[in-house]
Structures are given as C-alpha cells and as structure tokens.
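# Residue-level structure breakdown
As a plain string of letters, each chain reads:
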Amino acid sequence: MEEYGIAKEEWLRDFLELANGIPSDDTFRRVFERIQPASLEKCLNSWLMTLVGSLQGEIIPIDGKNLRGSYDRNLGQSALHLVTAWASQQRLVLGQVKVEDHSNEITAIPALLELLDVEGAIITLDAMGTQTKIIQQIRGKKADYIVTLKGNHPTLFSEVKQWFTEKRASN
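Okay, so let's go over this structure.

## Regarding the packing of aromatic side chains
Inspection of every chain in the model, using the stated rule, returns two aromatic pairs. When the ring of Trp11 is compared with that of Phe15, the centres are 5.0 Å apart and the planes differ by 80°; the resulting orientation is edge-to-face. Given the relative accessible area of 46%, Trp11 is considered partly exposed. Residues Trp163 and Phe164 carry aromatic rings whose centres are separated by 4.9 Å and whose planes lie at 90° to one another, so their mutual orientation is edge-to-face. By relative accessible area, which is 46% here, Trp163 ends up partly exposed.

Structure below.
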C-alpha cells in the first residue's frame, strides 16, 4: 500500500490531505491490526449494498470452494475453504465466510446469509445447503430459493420423485 501511495501520490493529493506524506508500511500495519474484522466486514457489506441497490429477482448462487495453494503440508494446515455469495447479474461477490476447521458448509451458509440483505433475491444452493434451517433462514429474509435435491435426503427425494412421476402421468 505504501508503494502504491508513493506511485499515486499526486493523484491522491487531489482528495486527501497528506501533511506528512504517504504513511509507511508500519503505519498501515498498525492500523490494520486494530481493525475488528467483523466490524470491517459489516461496513463493507453495507457499502456494497449501496452500490448494488435492490437484489429483487437477482440470482445469488451460494457455494463453497477450497482456495488452491492455501494449504501448508509442513504445518499440517489444510486448504482454506470459503462459502461465497455471488450476485450473478451484478457480477459481484456479495460476501464470503470461512468454513471453520473440522466443520462444513452447513454451518458457514447461515453465517453468510446473516450478513446479507437478500430480500427479493433467488438463492441457489447445492445439495449441501438442502437443510430445513437454512431454507427457513432464506424465507425469513424474504428471499426465494432453488436447492439441489439428491439421494442424501432419501425421504424427501422419494416424495419429490413420486410427485413428478404422478404429474407426468396425469398430463
């Protein structure tokens, strides 16, 4: 950041008072050490929503991915796994949440949804997100949803398959 500031100092002076010049890398580090991540995330999400505006009818896929190259074999550190909400029409990441170690997306999806104002949007989730509590949370936020239903929910899968079979037969 210091190098960028030095390279763009003339431009930055158009809208910043830089009485002591560009802050050093140590100054940037001290500032970032004091920022509470949750507070910063909340502020950034609020700002982002002012840019995006209404998400009415927007399709928002929520999906988890491992961040390639983020593991460390020597330290026994596994790859960073993130759950991301993507505004398809805006082509913009609305938010990301880290999946905690020894956990899965089922716990991270509700945390991500808690950060977002998705009223009027259509949330899509893969089979991992086909959880009653997650669907209730989406509905509570006044959004719609499309979920993938697979054999990992045998009773529901069987009921839906039977419903479609009967509908096809009656047409």
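So much for the structure itself; the text now carries on.
## Considerations on the pattern of salt bridges
Applying the stated rule across the entire model yields five salt bridges. Close ionic contact of Asp63 with Lys65 constitutes a salt bridge, the shortest N to O distance being 2.9 Å. In this structure, Arg139 engages Asp144 in a salt bridge whose closest nitrogen and oxygen atoms are separated by 3.0 Å. Exposure remark for Arg139: the relative accessible area of 43% places this residue in the partly exposed category. Three or more residues joined by partner-sharing salt bridges are found here, namely Asp26, Arg29 and Glu33.

## Description of the side chain of Glu58
Assignment of secondary structure puts Glu58 in the loop between helix 4 (37-52) and strand 1 (59-66). This buried residue, Glu58, is left without a salt bridge; Arg91 holds the nearest opposite charge, at 9.6 Å. Polar contacts involving the side chain of Glu58 include one to the main-chain amide nitrogen of Gln89, which spans 2.5 Å. Look past the residues within four positions of Glu58 in its chain and what remains in contact with it is Ala87, Ser88, Gln89, Gln90, Gly120, Ala121 and Ile122.

## What to know about the pairing of strand 1
Inspection of the sheet shows strand 1 paired to strand 4 (residues 122-125) by four bridges, in the parallel sense. Of the residues in strand 4, the one forming a bridge with Pro61 is Thr124. Across five bridges, the pairing between strand 1 and strand 2 (residues 81-87) is antiparallel. Looking at strand 2, one finds that Lys65 is bridged to Leu82.

## So, a nonpolar patch on the surface
Among the surface-exposed residues, Met1, Val31, Phe32, Ile35, Leu40, Leu44, Trp47 and Leu51 lie close enough to one another that they form a single nonpolar patch of about 800 Å² accessible area. Taken together, the elements giving at least two residues each to the nonpolar patch come down to helix 3 (25-34) and helix 4. The leading source of residues in the nonpolar patch is helix 4, at four residues. Residue position: Phe32 is located in helix 3.

Cut-offs and rules
Residues numbered from 1 in each chain as written. Predicted model: local features only at pLDDT ≥ 70, side-chain atom pairs only at ≥ 80, totals over all residues. Heavy atoms only, no water. Phe/Tyr/Trp six-rings, centres within 6.5 Å; stacked < 30°, edge-to-face > 60°. Buried < 20%, exposed > 50% of the residue type's maximum accessible area, 1.4 Å probe, protein only. Salt bridge = Lys/Arg side-chain N within 4 Å of Asp/Glu carboxyl O. Helix = DSSP H or I, 4+ residues; strand = E, 2+ residues; numbered from the N terminus. Lys, Arg positive; Asp, Glu negative; His and termini not counted. Polar contact = N/O pair within 3.5 Å; in protein donor to acceptor, adjacent residues only side chain to side chain. Contact = heavy atoms within 4.5 Å. Pairing = 2+ DSSP bridges. Patch = residues over 30% accessible without salt bridge, like charges linked within 9 Å, V, L, I, M, F, W, Y side chains within 5 Å. Areas by Shrake-Rupley, 256 points an atom, 1.4 Å probe, with all protein chains shown as cover.

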